[in-house]
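Per-entry structural report
Read off the chains here:
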Amino acid sequence: MPASFQSIPVLDYSLALGPEKPVFLSQLRHALMNVGFLYLTNTSVPNSLVDQVREMSPKFFDLSQEKKDALGMVHSPHFMGYSRFATQMTKGIVDQREQFEFCVPYECRWKEGDPLYMRVWGPCQWPAEEDVPNFQHVFTEYGLAISRLSTHFLELICESVGLAPNALDPFLKDTVEPCHRGKIAKYPDTVPGSDSDNGVAPHFDPDFLTFLMQVTDQPGLQVQNQDGDWIPAPPIPYSWVVNIGRALNTVTKNVVLATSHKALLPPPGTGARYSIPFLQGLNPHIRLSDYELDFPPEIIALRDARDGNNIDSANYAEFETSCAGEANLVGRVKTHPEVAERFYPEYFAKYFPNGMPVQASAY
Ligand SMILES: O=C(O)CCC(=O)C(=O)O
Ligand SMILES: [Fe+2]
């Protein structure tokens, strides 16, 4: 059994595009099978775009509360837009962050009679151009750039664990495009003397891959190793922290690990921390349990020699029984009952039989 990880591997994406690709794939296999987290540097995303995202991220939150509320998620059947500070919980603990969710350009194709989960796929709510100039353009470009990167990265993941590069294609492609989505999160710095520095409590991410951009320089993200210790994942400029979600862990039968992580508030006096998790969406019609991936025996042997995965989360258990779109909708309903009550009343009634909770809870 490999020793529990003490740091997050840093992978140079440019190696994957040249003669050193085998070195990259072997580092990737290690990161996927023993850590579930990695940093990706030297990607195809231009530094100039990253600089624009860094500059733009705080601007949305500087809008008046009234303008932010006008873009509140409660107005969007696609669960896009703004959520106020401390309105959600993760595993029963209040998240101390404000957020704005956005997605790649997407027209809603849902019509009466279609499965309701198709209604989740749709456009986002952008602030008016005069309020935050260039914001929509920058985050649309950013979303598209990370989508492309994530599609190629999924091929590399397949290759690193002995699958054909296109083995996971059905999960991304179908008659509908996946609706990849991101959120800009703002965590205020810890109030001196406060008894809580929780930003987001320990959890697993739901989908295949998350690409996290740490926008500001403060520490905050921590990742749990197999011994239960919390390993810091501080920002590295122009890198993404990539982690595996429950859906990819499920579909690979635990070959690649999903790993628990949390975010702490930045230290007192250091200002707000901004981060942007970007979740790769899945083909909504696919059911993970319908697919059996054909791993070579040496990969299965490596998996079996490793200690069991330490997942203790019921997070998105629906992935195992329902199609990805349904699992996604259920997850969104649980996190945003205010949207469910308005646009998905039958789901609201099912998951909140006692009416609106004081606080929504994810995971
Ligand atoms: O902000 C961070 O560093 C992590 C956020 C996170 O894990 C999430 O939103 O799923
Ligand atoms: Fe996460």
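Cut-offs applied
Residues numbered from 1 in each chain as written. Chains lettered and ligands numbered in written order. Predicted model: local features only at pLDDT ≥ 70, side-chain atom pairs only at ≥ 80, totals over all residues. Heavy atoms only, no water. UniProt positions renumbered as here; feature names shortened; annotations may be inferred. Helix = DSSP H or I, 4+ residues; strand = E, 2+ residues; numbered from the N terminus. Rg over C-alpha atoms; globule rule 2.2 N^0.38 Å. Buried < 20%, exposed > 50% of the residue type's maximum accessible area, 1.4 Å probe, protein only. Areas by Shrake-Rupley, 256 points an atom, 1.4 Å probe, with all protein chains shown as cover. Salt bridge = Lys/Arg side-chain N within 4 Å of Asp/Glu carboxyl O. Pairing = 2+ DSSP bridges. Axes fitted to C-alpha atoms, helices over the stretch in contact; angles between N-to-C directions. Expected span 1.5 Å × (residues − 1). Contact = heavy atoms within 4.5 Å. Near = heavy atom within 4 Å. Polar contact = N/O pair within 3.5 Å; in protein donor to acceptor, adjacent residues only side chain to side chain. 1 Å grid on protein atoms, 1.4 Å probe; cavity = no way out; pocket = protein on both sides within 12 Å on 5 of 7 lines; lining within 4 Å. Sits in = over half its atoms within 2 Å of the grid points. Nonpolar A, V, L, I, M, F, W, Y, C, P; charged D, E, K, R; others polar.

Looking at an unreviewed UniProt entry, the protein chain carries the name Clavaminate synthase-like protein, with the source organism given as Sistotremastrum niveocremeum HHB9708. Database annotation for the protein chain, UniProt heading Sequence similarities (unreviewed entry): "Belongs to the iron/ascorbate-dependent oxidoreductase family."

1. Examining the overall build of the protein chain
Across its full length, the protein chain holds ten helices and 15 strands. Taking 363 residues into account, the globule formula puts the C-alpha radius of gyration at 21 Å, and the protein chain, at 20 Å, falls close to it. Its C-alpha atoms give the protein chain principal-axis dimensions of roughly 55 × 50 × 40 Å. By the burial criterion, 56% of the 363 residues in the protein chain qualify as buried. Just so you have it, the protein chain exposes about 14,900 Å², and 53% of that area is on carbon and sulfur atoms.

2. What to know about the pattern of salt bridges
For the coordinates displayed, the defined rule picks out twelve salt bridges. The shortest N-O distance in the salt bridge between Asp-217 and Arg-54 comes to 3.6 Å. One end of the pair, Asp-217, is in the loop between β9 (209–214) and β10 (221–224); the other, Arg-54, is in helix α2 (residues 47–61), with 163 residues separating them in the sequence. Ionic pairing is found between Glu-55 and Lys-59, a salt bridge with its closest N-O pair at 3.2 Å. With Glu-55 and Lys-59 both in helix α2 and four residues apart, the pair spans about one turn of that helix. Residues participating in the shared-partner salt-bridge network are Glu-101, Arg-181 and Arg-332.

3. Section: the sheet that holds β9
Read across the open sheet, the eight strands follow the order β1-β2-β12-β9-β14-β7-β6-β3; overall the sheet is mixed. Of all the strands in the sheet, just β1 (10–12) and β3 (81–83) have a single pairing partner and so form its edges. Taken over all neighbouring pairs, the strand axes of this sheet differ in orientation by 25° on average, direction set aside. As judged from the three bridges shared by β3 and strand β6 (residues 98–103), these two strands associate in the antiparallel manner. Note on β6: the bridge partner recorded for Ser-83 is Gln-99.

4. Examining helix α1 (residues 21–34)
Between the first and last C-alpha of α1 there are 20 Å, a value that for 14 residues agrees with the 20 Å anticipated at 1.5 Å per step. Inspection of α1 places Phe-24, Leu-25, Leu-28, Ala-31, Leu-32, Met-33 and Asn-34 among the buried residues, and these make up the whole buried set. On its buried side, α1 packs onto β1, β2 (37–41), α4 (135–160), β12 (240–244) and α7 (297–305). Remark: Gly-36 follows α1 within two positions and exhibits a positive phi of approximately 85°.

5. Quick word on the site of ligand 1
In the vicinity of ligand 1, the contacting residues are Arg-97, Lys-183, Tyr-187, His-203, Asp-205, Leu-212, Leu-221, His-261, Ala-263, Arg-273, Ser-275 and Pro-277. His-203 is positioned such that a nitrogen or oxygen atom in its side chain is 3.0 Å from an oxygen atom of ligand 1. Taking Asp-205, its side chain carries an N or O atom lying 3.2 Å from an oxygen atom of ligand 1. When ligand 1 is considered free in solution it has 300 Å² of accessible area, and contact with the protein chains removes 96% of it. Taken atom by atom, the bulk of ligand 1 overlaps the largest cavity. Residue assignment for the shell around ligand 1 shows that the elements contributing at least two residues are β7 (181–187), β13 (261–264) and β14 (273–279). In terms of residues, the shell around ligand 1 owes the most to one element, β14, which gives three residues. Grouping the constituent residues of the shell around ligand 1 by class yields five nonpolar, three polar and four charged.

6. Observations regarding the pairing of β7
On any regular strand, side chains alternate: one points to one face of the sheet, the next to the other face. Taking burial as the measure, the seven residues of β7 include seven buried ones, the bulk of the element. Sheet topology note: the β6/β7 ladder contains six bridges and is antiparallel. Residue Cys-103 lies in a different strand from β7, and its bridge partner there is Arg-181. Sheet topology note: the β7/β14 ladder contains five bridges and is antiparallel. The partner of Lys-186 across the bridge, within β14, is Tyr-274.

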